[in-house]
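Take a look at the letters that make up each chain.
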Amino acid sequence: MLTAADTAIHVDAVSKRYTLGALRHGDCGRLSEVMARAPRRLWHNAKQFFRPNSQRDVDSDGRVFWALRDVSFEVRQGEVCGVVGRNGAGKSTLLKILSRITEPTSGRFGLGGRVASLLEVGTGFHQELTGRENILLSGITLGMTRAEVQRRFDEIVDFAGIDRFLDTPVKHYSSGMQVRLGFSVAAHLESEILIIDEVLAVGDVSFQKKCLGKLSDVANSGRTALFVSHNMVAVKSLCQSAILLEDGRLTMKGTPDQVIAAHLASFALPTVSSSARIVNSGGIKQITTCHATDIAGEVQAKFSIDEPMEIRLELDLQPDAEEVSFKVVMHFYFDDGTLAFATASQELSLSAVEIAQHPRCRWTCRIPSKSLNEGQYMIEMLVLSAELQIFGRYPELLRFETHDVKSRQGWYGKWAGVMRPDCRWSVDC
Amino acid sequence: MPANASDSDTRARANLRYFQASNGKGLIDLRELWLFRELVWAFGLRDLKVRYRQTVVGIAWAVVQPLCTVLVFGMLIQWLGGRASDGSTPYVVTALCGLVPWQFFAAAITQSTQSVSINSGLLKKVYFPRIVLPLSSFIPASVDFLIALCILVIVMLSNGILPSWKLVFIPLLALLTVMSAMTFALWLSALNAIYRDVQFAVPFALQLGMIVSPVVYESQAVVPTDWQSLYFLNPLAIVIQLYRCALLDAALPSGLQILISACSMTVVFFLGMLYFRRMERHFADRS
């Protein structure tokens, strides 16, 4: 009998190496050189043929990339462990290794029971087959027996809510229906260990609620799960522990709160490139700094959408300018490229005497809390004359990210739109 | 107390099954394959269903193909002077005897060659022993084979030929055909996962193979005696000849010829297994 003290997943010094770009064949060179190399290449290729990834070949010709390096951790029986990290940190590679899809280059891992890996929704689906046929096919592909699928068949159909279309080929389903059916099959797996990659990013609100409910059932039923997500809200509410991967290394293990905080803090501070700063027009010399800060003036790269934030800008004026008159306009672009909003400063007019006394001016633009949506914003800045003549345009002056750590009305996913103002609602009925 | 801590760790990990980088050596793990037998069948059934979806005649294609081939070759050989068989049995029966196993062989090899590359998306998302893919790709071809075999018996009976008692060897021969096809499938599917040239070469090689095997003719009637020993180094020639022995009482190839074929095929089969095992570790990363 397994108890909570038992280990369900034990990862022991696992590393994974990939070779970037296979060996380069047909390098340019004089014909005589190519001919001279031919026998060696033939021998080399023959060797490759039987030992495609042998160490020597990689070191001599290929570029090597370590997707995972010396990763060790344990997950206790019945624990849901979140895997957090940026894109390319090795999260997916880790899941692939633990699902036995690919082998580690070195190290070993132990699994305490049957593993079901949900790395995509609808694994094994075939578009030409009906919903009924696909439930069986996908279930067996994911590791259920035929008898298990048949026993839970009605539950799966119920959960997906597709009973009317059971005998329709899946190719005629809407993408939402396919996702529901795919998740439903996966949700009824009876394995002891679940390995889940970002399945929450799909489906509509009500279905997402069902999925999360199902996942917390998993957490409460004593089964173990490893859960990769970029969704900090979901990690926080579903997981009991978490690990942080950075560039293939495990840099932290702890409670979800600790790990999420470390993950958010790890985002590098954006900088303004020096070439973008020089204005030299309209009496303005250069932009010295441009930062996104909290209200205390601390530079940050990530902001909670519940806190106000400030954009702080410092401009140097040309000390010999006669007089200046300008304003600053900022365009906030959301990560999908939409212009979210624009904001303009009041006009600043300074005489030659004032400029000589204060050649540097500082602008602060406060963005109120509960106005931005979760995501990345990019600021484009324009410096305009009083007559709206453009002195300078700086397309990618600054980037920052916003995040949300609270679930709102049971919704864990992304909110639509480029803004999320805190609108006041009332109802009268 | 570190000693105690590691003790309790060991106890907590007692239930774990460990995995690490394999050396890629060894034959197919039959015990594991047995655990995945339902998957072999599920994939096979999928391919079978998908193949005849949106077709009009459906499974009748399994009948149409050999019959049309016999018709065309029958006419061709008659125009050329008609020396394709010894004439003791009608040409349609002789030719079908060769075509039924050959078409199984050709279909099984064509489909299994692409089995790994076609399913590469699946390979990257879920674990199963990779040998499941070439194995399951044999199922649609086997169904066609069984149907065609029934047609063959019907054609024999309608020509007034009763199969001899040697008919009992047919299941054994079918197994032999599957094993010879598997010999090629192991190599070709693993190679095609990494070198896609293979899937272009295979149909071409199969066309040549049909000519150098006694498919639409009888070897005794066509191949000069001096060439017979060389001709029967082709293991498929032996297999097809054995079908004619079992169904039509044709002459058995010599014991030495059978022995050479059996030995060479066995060696290539096991080498193919080793090669597949060696390469399957890289399917998910490279295919």
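The helix and strand tally for chain B stands at 16 helices and one strand. Expressed as lengths along the three principal axes of its C-alpha atoms, the size of chain B is roughly 95 × 45 × 40 Å. The buried share among the 287 residues of chain B stands at 38%. Pairs at least 24 apart in sequence give 82% of the contacts found in chain B among residues at least 6 apart.

Take the overall build of chain A next. Counting its regular elements, chain A contains 11 helices and 19 strands. Expressed as a percentage of the 429 residues in chain A, the buried residues total 36%. Long-range contacts, defined as pairs at least 24 residues apart, comprise 73% of the intrachain contacts of chain A with a sequence gap of at least 6.

Now for unusual backbone geometry. The phi dihedral of Ala13(A) is positive, around 55°, even though this residue is not glycine. Relative to the helices and strands, Ala13(A) resides in strand β1 (residues 7-20).

Often the size quoted for an interface is simply the accessible area lost on bringing the parts together. Chain B puts 27 residues into the contact, and the matching count from chain A is 38 residues. If you list the elements that add at least two residues to the side of chain B that touches chain A, you get β1 (17-20), α3 (37-52) and α16 (283-286) of chain B. Of the residues in the side of chain B that touches chain A, the class split is 13 nonpolar, four polar and 10 charged. Note: strand β4 (residues 106-111) of chain A against β1(B), four bridges, orientation antiparallel. Following the sheet pairing, Phe109(A) is matched in β1(B) by Phe19(B).

Turning our attention to the nonpolar core. Ile195(A), Leu226(A), Phe227(A), Ala108(B), Ile109(B) and Val132(B) are the most contacted members of the largest nonpolar core, which has 136 residues in total. Top element by residues in this core is helix α5 (residues 91-113) of chain B. It accounts for 12 residues. Residues contacting Leu226(A), with those up to four places away along its chain left out, are Ile9(A), Val75(A), Cys81(A), Val83(A), Leu95(A), Leu98(A) and Ile195(A). Core analysis: the next-biggest nonpolar cluster, separate from the first, contains 27 residues, Ile284(A), Ala292(A), Ile305(A) and Phe400(A) among them.

The subject of this paragraph is the pairing of strand β8 (residues 241-246) of chain A. Residue and element names in this part refer to chain A. Note that strand β3 (residues 80-85) and β8 share five bridges and pair parallel. In the strand pairing of β8, Gly82 is matched with Ala242. As defined by bridge partners, β8 adjoins strand β9 (residues 249-254) across five bridges and the pair is classed as antiparallel. Bridging across to β9, Ala242 finds its partner in Gly254. In this structure, the hairpin formed by β8 and β9 is closed by a connection of two residues, where Asp247 is found at a positive phi of approximately 50°.

Attention now goes to the sheet that holds β8(A). In a beta sheet, neighbouring strands pair by backbone hydrogen bonds and run either parallel or antiparallel. Residue and element names in this part refer to chain A. In spatial order, the strands read β5-β6-β7-β3-β8-β9; together these six strands make up an open sheet with mixed pairing. Of all the strands in the sheet, the pair left with one neighbour each is β5 (115-118) and β9. The sheet shows a mean angle of 15° between the axes of neighbouring strands, taken without regard to direction.

Further remarks concern the environment of Leu30(B). With respect to the helices and strands, Leu30(B) occurs in helix α2 (residues 30-35). Counting along the chain gives 99 residues from Leu30(B) to Pro129(B), while the straight-line C-alpha distance between them is 9.9 Å.

This next bit is on helix α14 (residues 235-248) of chain B. Residues and elements named next belong to chain B. Spanning 14 residues, α14 covers 20 Å between terminal C-alpha atoms, matching the ideal 20 Å at 1.5 Å per step. Within α14, 12 of the 14 residues are buried, which leaves the element mostly enclosed by the surrounding structure. Those residues of α14 not exposed but buried are Pro235, Leu236, Ala237, Ile238, Val239, Ile240, Gln241, Leu242, Tyr243, Arg244, Ala246 and Leu247. As for α14, its buried residues are in contact with α5, α10 (170-194), α11 (197-212), α12 (219-222), α13 (225-231) and α15 (255-280). Backbone geometry just downstream of α14 places Asp249 in the positive-phi region, at approximately 60°.

In this section: the environment of Thr145(A). All names here are of chain A. The residue Thr145 is located in the loop between α4 (131-141) and α5 (146-151) in this model. Given 14 C-beta atoms within a 10 Å radius, Thr145 is considered partly exposed. Measuring from C-alpha to C-alpha, the distance between Thr145 and Leu189 comes to 9.9 Å, with 44 residues separating the pair along the chain.

Residue and element names in this part refer to chain B. Helix α9 (residues 138-158) packs onto α3 with a crossing angle of 60° between their chain directions and a minimal axis gap of 7 Å. Compared by their axis directions, α3 and α9 come out oblique. Within the contact between the two elements, α3 uses Gly44, Asp47, Leu48 and Arg51 and α9 uses Ile139, Pro140 and Val143. Here the contact of α3 with α9 is composed, by residue class, of four nonpolar, one polar and two charged.

Fine structural detail should not be taken from predicted coordinates in areas where pLDDT scores are low. All names here are of chain A. Looking at chain A, the pLDDT average stands at 81 and 83% of residues meet or exceed 70. Mean pLDDT across the secondary structure elements of chain A bottoms out at helix α2 (residues 55-61), with 45, and peaks at α4, with 94. With pLDDT under 50 throughout, residues 22-30 is counted as low confidence; its partners more than four residues away or in other chains account for four contacts. Here residues 54-61 is a poorly scored stretch, pLDDT under 50, and it has seven contacts once near neighbours within four places are set aside; other chains count.

Turning to the confidence of the model for chain B, a few remarks are in order. All names here are of chain B. Chain-level pLDDT for chain B is 87 on average; 98% of the residues reach the 70-or-more range. Mean pLDDT per element in chain B: helix α1 (residues 2-12) is the minimum at 65, and helix α8 (residues 132-136) is the maximum at 95. Across the interface, the model reports ipTM at 0.85; the global pTM reads 0.73.

Here we come to the environment of Glu310(A). Within the element layout of this structure, Glu310(A) appears in strand β13 (residues 309-317). Those residues in contact with Glu310(A) that lie beyond four places of it in its chain are Thr293(A), Ile295(A), Thr364(A), Cys365(A) and Arg366(A).

Moving on, we come to helix α4 (residues 61-80) of chain B. Residue and element names in this part refer to chain B. Relative to the 28 Å expected for 20 residues at 1.5 Å per residue, α4 spans 28 Å between its end C-alpha atoms, a close match to the ideal helical length. Among all positions in α4, only Ala62, Pro66 and Val70 are buried. The arc that holds the buried residues of α4, viewed along the axis, is 50°, so those residues lie on one side. Structural note: α4 exposes Val64, Cys68, Leu71, Val72, Met75, Leu76 and Trp79 on the side pointing more than 90 degrees away from its buried face.

About the thresholds
Residues numbered from 1 in each chain as written. Chains lettered and ligands numbered in written order. Predicted model: local features only at pLDDT ≥ 70, side-chain atom pairs only at ≥ 80, totals over all residues. Helix = DSSP H or I, 4+ residues; strand = E, 2+ residues; numbered from the N terminus. Buried ≥ 20, exposed ≤ 12 C-beta atoms within 10 Å, placed from the backbone. Contact = placed C-beta atoms within 7 Å. Nonpolar A, V, L, I, M, F, W, Y, C, P; charged D, E, K, R; others polar. Pairing = 2+ DSSP bridges. Core = buried A, V, L, I, M, F, W, Y, C linked by C-beta atoms within 7 Å. Axes fitted to C-alpha atoms, helices over the stretch in contact; angles between N-to-C directions. Expected span 1.5 Å × (residues − 1). Parallel < 35°, antiparallel > 145°, perpendicular 65-115°, else oblique. pLDDT = per-residue confidence, 0-100. Arc of directions from axis to C-beta.

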